[in-house]
Amino acid sequence: MIRNRKCNLIIDSCCDLPADLVASYQVDLVRFYYTMSDGEHLDDLGVTLSHHEFYERMRKGEQPKTTQVPLAELSAAFERALESGVPTVFLTFTAALSGTYDSAKMLAEEMLKDYPEGELYVVDTKLPSASEGLLVMEAVRQIDAGMSAKDLVKWAEEARYYVNGFFTLPDLESLRRGGRIPDMAAVAGAKLDIKPLLTYDLDGRLVFKSVARGRKKAIKQLLQLYTDRQNDNNSNTVLVCAADTPKEQNSLAEDVLKASNNPINLWQTQIGTVIGSHVGPGMLAIVFWGPDRRTNLSLTDRIAQKVSSDSKEEQ
């Protein structure tokens, strides 16, 4: 069935949603690329190279390198959108971790010069991986309910702060390789069996939430974060995500169902190649609609945010 919409949607492969689900949405998907020892690969949500095979190769020593969505692919997607005459929104992977948003923004502004009546909006979701995916899932529902492109932009820029996501890693090594912690901290963490729990800040950067002694305790903390922050309203979609650790993923999914206050729509998804290249196999995450993350700001950060907002209004 072809949907008759007031707004079309472009998304990128960092949403880490199942390929068949994305296909059913009838949206335009632009893909990131990654390089392994055998050359360049297309991040097509695990279709040509399964997530399991990708992580198996990492376990054997591969260290993939990722690149942002090529300008040629963005240009082709934007051209399709503008030629269709249907107002279109591009929801992008967090600009804090990729240059794709900035490139897309500049490209859209340039291409719109040839389409003065066209509507093409680029929105930084400020969300990584499946957190971006959860926003996409609800955006599709809003579009199917009749939302316009301009309203979707406003909706996404507000809704992104209600997407809560937390994840844990099997060790600190990937964070050490990425320069997020010093070598000695990773060595000490390994000796003490320290497992990090992370989230993302309001700009979409990965940040520490807490640590746990041992994997079981880390997963228990992950579940507790969901239990404490789950939303009681009708936004009941929850994603339990994993980087090729199916037994733990299944177990966590069962615990989430038991811990939920209301019936939920639970999806089990795979962490894709972009985040996966930097965190490696074994990542486990939970993503859900919850409290406004801006309310977690410290008093001084809230003051700074207000000053910044007032300055923008005066410009």
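Residues numbered from 1 in each chain as written. Predicted model: local features only at pLDDT ≥ 70, side-chain atom pairs only at ≥ 80, totals over all residues. Heavy atoms only, no water.

### A few points about the side chain of D44
Link 1 in the chain: By secondary structure assignment, the location of D44 is in the loop between β4 (39–42) and α2 (51–59).
Link 2 in the chain: No salt bridge forms around the buried D44; measuring N to O, its nearest opposite-charge neighbour R31 is 6.1 Å away.
Link 3 in the chain: Looking at D44, its side chain comes within polar contact range of the main-chain nitrogen of V47, at 3.2 Å.
Link 4 in the chain: With residues near it in sequence (within four places) discarded, D44 still touches A19 and R31. (Helix = DSSP H or I, 4+ residues; strand = E, 2+ residues; numbered from the N terminus. Buried < 20%, exposed > 50% of the residue type's maximum accessible area, 1.4 Å probe, protein only. Lys, Arg positive; Asp, Glu negative; His and termini not counted. Salt bridge = Lys/Arg side-chain N within 4 Å of Asp/Glu carboxyl O. Polar contact = N/O pair within 3.5 Å; in protein donor to acceptor, adjacent residues only side chain to side chain. Contact = heavy atoms within 4.5 Å.)

### Some points on the pattern of salt bridges
Think of it this way: side chains of opposite charge can pair up when their charged atoms draw near.
Link 1 in the chain: For the structure shown, the criterion picks out 15 salt bridges.
Link 2 in the chain: A salt bridge links D244 to R59, with the nearest nitrogen and oxygen atoms 2.7 Å apart. Placement of D244 in the loop between β11 (237–242) and α10 (246–259) and of R59 in helix α2 is noted, with a sequence separation of 185 residues between them.
Link 3 in the chain: For D203, the salt bridge is made with K126, and the minimal N-O distance between the two is 3.9 Å. Here K126 lies in the loop between β7 (120–124) and α5 (129–144) and D203 lies in the loop between β9 (194–200) and β10 (206–213), a separation of 77 residues in the sequence.

### Some words on the nonpolar core
Link 1 in the chain: Ranked by size, the top nonpolar core spans 71 residues in total, and within it L9, F78, V89, L152, W155 and M283 carry the most contacts.
Link 2 in the chain: With 8 residues, α5 is the single largest residue contributor to this core.
Link 3 in the chain: Apart from residues no more than four positions distant in its own chain, V89 is found in contact with C7, N8, L9, I10, Y121, V123, A149, L152 and V153.
Link 4 in the chain: Formed by 18 residues, the second largest nonpolar core is a distinct cluster that contains A218, A242, L252 and V256. (Core = buried A, V, L, I, M, F, W, Y, C linked by side-chain atoms within 4.5 Å.)

### Some remarks on the packing of α5 against helix α6 (residues 149–159)
Link 1 in the chain: Here α5 crosses α6 at 150 degrees, and the two axes come no closer than 11 Å. Between α5 and α6, the interaxial angle falls into the category roughly antiparallel. Seen from above, α5 lies across α6 with right-handed handedness. Contacts from L135, E138, A139, Q142 and I143 of α5 reach α6 at L152, W155, A156 and A159.
Link 2 in the chain: Residues belonging to the contact of α5 with α6 are distributed by class as follows: 7 nonpolar, 1 polar and 1 charged. (Axes fitted to C-alpha atoms, helices over the stretch in contact; angles between N-to-C directions. Parallel < 35°, antiparallel > 145°, perpendicular 65-115°, else oblique. Left-handed = near helix turned anticlockwise from the far one by under 90°. Nonpolar A, V, L, I, M, F, W, Y, C, P; charged D, E, K, R; others polar.)

### Some points on the pairing of β7
Link 1 in the chain: β7 sits mainly inside the fold: 4 of its 5 residues count as buried.
Link 2 in the chain: Pairing analysis gives 5 bridges linking strand β6 (residues 88–92) to β7, with the strands arranged parallel. In the sheet register, F90 faces β7, and the bridge partner there is V122.
Link 3 in the chain: The parallel pair β6 and β7, bridged by helix α4 (residues 100–111), forms a crossover whose chirality is right-handed. (Pairing = 2+ DSSP bridges. Right-handed = clockwise from strand over helix to strand, strands pointing away.)

### Details of the packing of aromatic side chains
Describing an aromatic ring pair means giving the distance of the ring centres and the angle of the ring planes.
Link 1 in the chain: In total, this model carries 6 aromatic pairs according to the counting rule given.
Link 2 in the chain: On the basis of an interplanar angle of 80 degrees and a centroid distance of 5.8 Å, the ring pair of F32 and F93 is categorised as edge-to-face. Here the residue F32 occupies a position in the loop between β2 (28–30) and β3 (33–36), and F93 occupies one in the loop between β6 and α4, the gap between them amounting to 61 residues.
Link 3 in the chain: Ring centres of Y226 and F288 lie 5.0 Å apart, and the angle between their planes is 85 degrees; on these two criteria the pair is classed as edge-to-face. One end of the pair, Y226, is in helix α9 (residues 215–229); the other, F288, is in strand β13 (residues 284–289), with 62 residues separating them in the sequence. Both residues of the pair, Y226 and F288, count as buried.
Link 4 in the chain: Among the aromatic residues, those joined into a cluster by ring pairs are Y34, F54 and Y55. (Phe/Tyr/Trp six-rings, centres within 6.5 Å; stacked < 30°, edge-to-face > 60°.)

### Section: the sheet that holds strand β5 (residues 65–67)
Link 1 in the chain: Within the open sheet, the 3 strands sit side by side as β4-β3-β5. Their pairing is antiparallel. Two strands in the sheet have a free side with no partner beyond their single neighbour: β4 and β5. Across the sheet, the axes of successive neighbouring strands diverge by a mean angle of 30 degrees, strand direction being ignored.
Link 2 in the chain: Pairing of β3 with β5, which is carried by 3 bridges, proceeds in the antiparallel orientation. Counted as the bridge partner of Y34 is T66 from β5.

### Focus: α10
Link 1 in the chain: Spanning 14 residues, α10 covers 20 Å between terminal C-alpha atoms, matching the ideal 20 Å at 1.5 Å per step.
Link 2 in the chain: Within α10, the full set of buried residues consists of Q249, L252, A253 and V256. Seen end-on, α10 carries its buried residues on one side only, within an arc spanning 105 degrees. Exposed side chains of α10 directed beyond 90 degrees from the buried face belong to K247 and K258. (Expected span 1.5 Å × (residues − 1). Arc of directions from axis to C-beta.)

### Comments concerning the sheet that holds β2
Link 1 in the chain: Read from one edge of the open sheet, 4 strands run β2-β1-β6-β7, paired in parallel fashion. Only two strands of the sheet have a single partner each, and these edge strands are β2 and β7. Adjacent strand axes in the sheet meet at a mean angle of 20 degrees, parallel and antiparallel pairs treated alike.
Link 2 in the chain: Sheet strands touched by helix α3 (residues 71–84): β1 (8–12), β2, β6 and β7. Its angle to β2, the strand with the most contacts, is close to 165 degrees.

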